[in-house]
Amino acid sequence: QVQLAESGGGLVQAGGSLRLSCAASARTLSRYAMGWFRQGPGKEREFVAAISRNGISTGYADSVKGRFTISGDNAKNTVYLQMNSLKPEDTAVYYCAADPKLYYSQYGREYDYWGQGTQVTVSS
């Protein structure tokens, strides 16, 4: 059983930055690809970014490419999402998820474990 806990959300002005953290059970990053998804008010959940097992490769949604960076620290069992140049449309609950396959997927249905989410609100 994998446990995931997100933190780092909050209220920030447009153009600002936040770093989200996802603390995972021991050895999760060496066994799972990890992804970040988000769900804005009145919207469906969407893919944000992901990193393959052991950090082999990363992928991003077009809407965040060049602004967000995903990274992992195996020693700390933590995945990060650095978010820069935030926009009001980035407002959402952000979820961390774990996929048992080697390479990441952009599809939420591929992920077996999910955290509870952390709220990010970007004011204009």
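Structure: see above.
As the structure is a prediction and not an experimental result, all values here were calculated from the model. (Residues numbered from 1 in each chain as written. Predicted model: local features only at pLDDT ≥ 70, side-chain atom pairs only at ≥ 80, totals over all residues. Heavy atoms only, no water.)

Caption draft 1: Quick peek at empty space enclosed by the protein. Taken as a whole, this structure holds one cavity of 30 Å³ or more when the rule is applied. Its volume calculated, the largest cavity comes out at about 30 Å³. Every residue lining the largest cavity is listed: Arg 38, Gln 39, Gly 40, Lys 43, Glu 46, Glu 89, Thr 91 and Ala 92. Split by residue class, the lining of the largest cavity holds one nonpolar, three polar and four charged. (1 Å grid on protein atoms, 1.4 Å probe; cavity = no way out; pocket = protein on both sides within 12 Å on 5 of 7 lines; lining within 4 Å. Points joined across faces, edges and corners; volume = space filled by probe spheres on them. Nonpolar A, V, L, I, M, F, W, Y, C, P; charged D, E, K, R; others polar.)

Caption draft 2: Looking closely at the nonpolar core. Among the nonpolar cores identified, the biggest contains 34 residues, and Met 34, Trp 36, Leu 81, Met 83 and Tyr 94 are the most heavily contacted of them. Contributions of two or more residues to this core are made by strand 3 (18–24), strand 4 (33–39), strand 5 (46–51), strand 7 (68–73), strand 8 (78–83), strand 9 (92–99) and strand 11 (118–123). (Core = buried A, V, L, I, M, F, W, Y, C linked by side-chain atoms within 4.5 Å. Buried < 20%, exposed > 50% of the residue type's maximum accessible area, 1.4 Å probe, protein only. Helix = DSSP H or I, 4+ residues; strand = E, 2+ residues; numbered from the N terminus.)

Caption draft 3: How the structure looks around the pattern of salt bridges. Applying the stated criterion to the full structure yields six salt bridges. The closest approach of N and O atoms between Asp 90 and Arg 38, which form a salt bridge, is 2.9 Å. Of the two residues, Asp 90 sits in the loop between strand 8 and strand 9 while Arg 38 sits in strand 4, which places them 52 residues apart along the sequence. Owing to a relative accessible area of 1%, Asp 90 belongs among the buried residues under this scheme. Looking at Arg 38, the relative accessible area reads 5%, which means it is buried. The residue Asp 90 makes a salt bridge to Arg 67 at a minimum N-O spacing of 2.8 Å. Of this pair, Asp 90 sits in the loop between strand 8 and strand 9 while Arg 67 is found in the loop between strand 6 (58–60) and strand 7, placing the two residues 23 residues apart along the sequence. Arg 67 matches Asp 90 in its accessibility class, with the two residues each being buried. In this structure, a network of salt bridges that share partners links the residues Arg 38, Glu 46, Arg 67 and Asp 90. (Salt bridge = Lys/Arg side-chain N within 4 Å of Asp/Glu carboxyl O.)

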